[in-house]
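# Survey of secondary and tertiary structure
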Amino acid sequence: MKSYKILQNAKNLKKLVIAIDGPAASGKSTTSKLIAKRLGYLYVDTGAMYRAMTLKVLQQNISLDQTETIGRLAKRTQIRLDQSDGELKVFLDNRDVTQAIRNQAVTRAVSTVSMIKKVREVMVREQRRMGKRGGIVLEGRDIGTVVFPNADLKIFMVAHVEERARRRQKELKKQGVKVSVEQLVKELVERDRKDSKRDISPLQKAEDAVILDTSKMTLVGQADFVVQKVQEILKKR
Ligand code: DC
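Here goes a summary of the coordinates provided.

What follows is about the overall build of the chain. In terms of helices and strands, the chain carries ten helices and eight strands. Computed over C-alpha atoms, the radius of gyration of the chain comes to 17 Å, within 12% of the 18 Å expected from 2.2 N^0.38 for 237 residues, which places it in the range of a compact globule. Seen through its C-alpha atoms, the chain measures out along the principal axes to roughly 50 × 40 × 35 Å. Looking at the chain residue by residue over its 237 residues, the buried ones come to 50%. For the chain, long-range pairs separated by at least 24 residues make up 73% of all intrachain contacts whose partners lie at least 6 apart in sequence.

Listed below in structure tokens is the structure:
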């Protein structure tokens, strides 16, 4: 908390771009949200953008192999992240889809939709636009490698797959969905495989990213780690 105040009170604080990448359920979202709050930065969940696009594809009953149709659709789709009341809300063509993008059908299809070149071009362009003034924490798979290769700080978050599955199980339970840890392990492994093996912007650690293994860390511990890194960067400037 002390470091938080110091950072917020500092004058002429350069607004950094912070890139947080890593596999599914490694703790990126919760940690990024907390860091952004502490620093007074904007928080961008880029996975939510790919999820919103996937929801639209499913709602329009477009087969996932119709890559050209999906690419054209991406250009005509408006995805907006809104943080006005402290909570991140996701709007798809002006409809609130914050809850809907977390459902299992979207989760199972999102890796396939996010492999499509045109979809990625549209999303990356928007992410760069949001981040151009700095003061932003972006989390995803390709932030440090592709979206902001010159980000001021790059973190690559990892955690054991069983731990990630347990975290996902808890989240789903809150939505009233019961899935076994074994099933979730399978789904996470498959999604990581697709995200890491795709041709365009695969999930991979940027050379200059710092690895943060969250398997045994608390949320506050994870945020402290990143805020500490931010302080070290700011001290050098
Ligand atoms: O972070 P998440 O699990 O909500 O992300 C959902 C999917 O979106 C993920 O499996 C791959 C894709 N994604 C991506 O390709 N690039 C990003 N920068 C963020 C997410």
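Near the ligand lie 15 residues; those nearest to it are Arg-51, Arg-120, Asp-142, Arg-191 and Asp-195. In the model, an oxygen atom of the ligand is placed 2.7 Å from a nitrogen or oxygen of the Arg-51 side chain. At a separation of 2.7 Å, an oxygen atom of the ligand approaches a polar side-chain atom of Arg-191. Here the ligand has 450 Å² of accessible area as a free molecule, and 98% of this is covered by the chains.

Most often, soluble globular proteins keep nonpolar side chains buried together rather than apart. Core analysis: the largest hydrophobic core is formed by 54 residues, its most contacted members being Ile-18, Ile-35, Met-53, Ile-70 and Val-119. Counting residues per element, this core draws most heavily on helix H3 (residues 46-59), which supplies seven residues. Apart from the residues lying within four places of it in its own chain, the contact partners of Ile-70 are Met-53, Val-57, Ile-62, Ser-63, Leu-64, Val-113, Ile-116 and Val-119. Counting ten residues, the second-largest nonpolar core is a separate cluster that includes Ala-24, Leu-172, Val-181 and Val-185.

Read from one edge to the other, the open sheet built from five strands follows the order S2-S6-S1-S7-S8, with strand pairing classed as parallel. Each having just a single partner strand, strand S2 (42-45) and strand S8 (210-213) make up the two edges of the open sheet. Going across the sheet, the axis of each strand differs from the next one's by a mean of 20°, ignoring polarity. Bridge count between strand S1 (residues 17-21) and strand S7 (residues 153-158): four bridges; the pairing is parallel. Among the inter-strand pairings, Ala-19 is bridged to a residue of S7, identified as Lys-154. The strands touched by H3 within the sheet are S2 and strand S6 (136-140), with S2 carrying the most contacts at an inclination of about 45°. Taken strand by strand, helix H6 (residues 117-131) contacts S1, S2 and S6, and its axis lies near 160° from that of S6.

All right, on to the pattern of salt bridges then. Counted by the stated rule, this structure contains 19 salt bridges. A salt bridge links Glu-121 to Lys-117, with the nearest nitrogen and oxygen atoms 3.6 Å apart. Residue Glu-121 and its partner Lys-117 are located together in helix H6, separated by four residues, close to a single helical turn. With a closest N to O distance of 3.5 Å, Asp-195 and Arg-141 form a salt bridge. Of the two residues, Asp-195 is situated in helix H9 (residues 181-197) and Arg-141 in the loop between S6 and helix H7 (143-147); the sequence distance between them amounts to 54 residues.

This next bit is on helix H8 (residues 161-174). The end-to-end C-alpha distance of H8, which contains 14 residues, comes to 20 Å, matching closely the 20 Å that a straight helix rising 1.5 Å per residue would cover. Where the residues of H8 are buried, they touch H3, helix H5 (104-113), H9 and helix H10 (219-236). Following H8 by one or two positions, Gly-176 has its phi on the positive side, about 80°.

Let's shift gears to the packing of aromatic side chains. Evaluation of the coordinates by the stated rule reveals zero aromatic pairs. Of note, Arg-80 hangs over the ring of Phe-91, and the distance from its end group to the ring centre comes to 4.5 Å.

Conventions adopted
- Residues numbered from 1 in each chain as written.
- Predicted model: local features only at pLDDT ≥ 70, side-chain atom pairs only at ≥ 80, totals over all residues.
- Heavy atoms only, no water.
- Helix = DSSP H or I, 4+ residues; strand = E, 2+ residues; numbered from the N terminus.
- Rg over C-alpha atoms; globule rule 2.2 N^0.38 Å.
- Buried < 20%, exposed > 50% of the residue type's maximum accessible area, 1.4 Å probe, protein only.
- Contact = heavy atoms within 4.5 Å.
- Near = heavy atom within 4 Å.
- Polar contact = N/O pair within 3.5 Å; in protein donor to acceptor, adjacent residues only side chain to side chain.
- Areas by Shrake-Rupley, 256 points an atom, 1.4 Å probe, with all protein chains shown as cover.
- Core = buried A, V, L, I, M, F, W, Y, C linked by side-chain atoms within 4.5 Å.
- Pairing = 2+ DSSP bridges.
- Axes fitted to C-alpha atoms, helices over the stretch in contact; angles between N-to-C directions.
- Salt bridge = Lys/Arg side-chain N within 4 Å of Asp/Glu carboxyl O.
- Expected span 1.5 Å × (residues − 1).
- Phe/Tyr/Trp six-rings, centres within 6.5 Å; stacked < 30°, edge-to-face > 60°.
- Lys NZ or Arg CZ within 6 Å of the ring centre and 35° of its normal.

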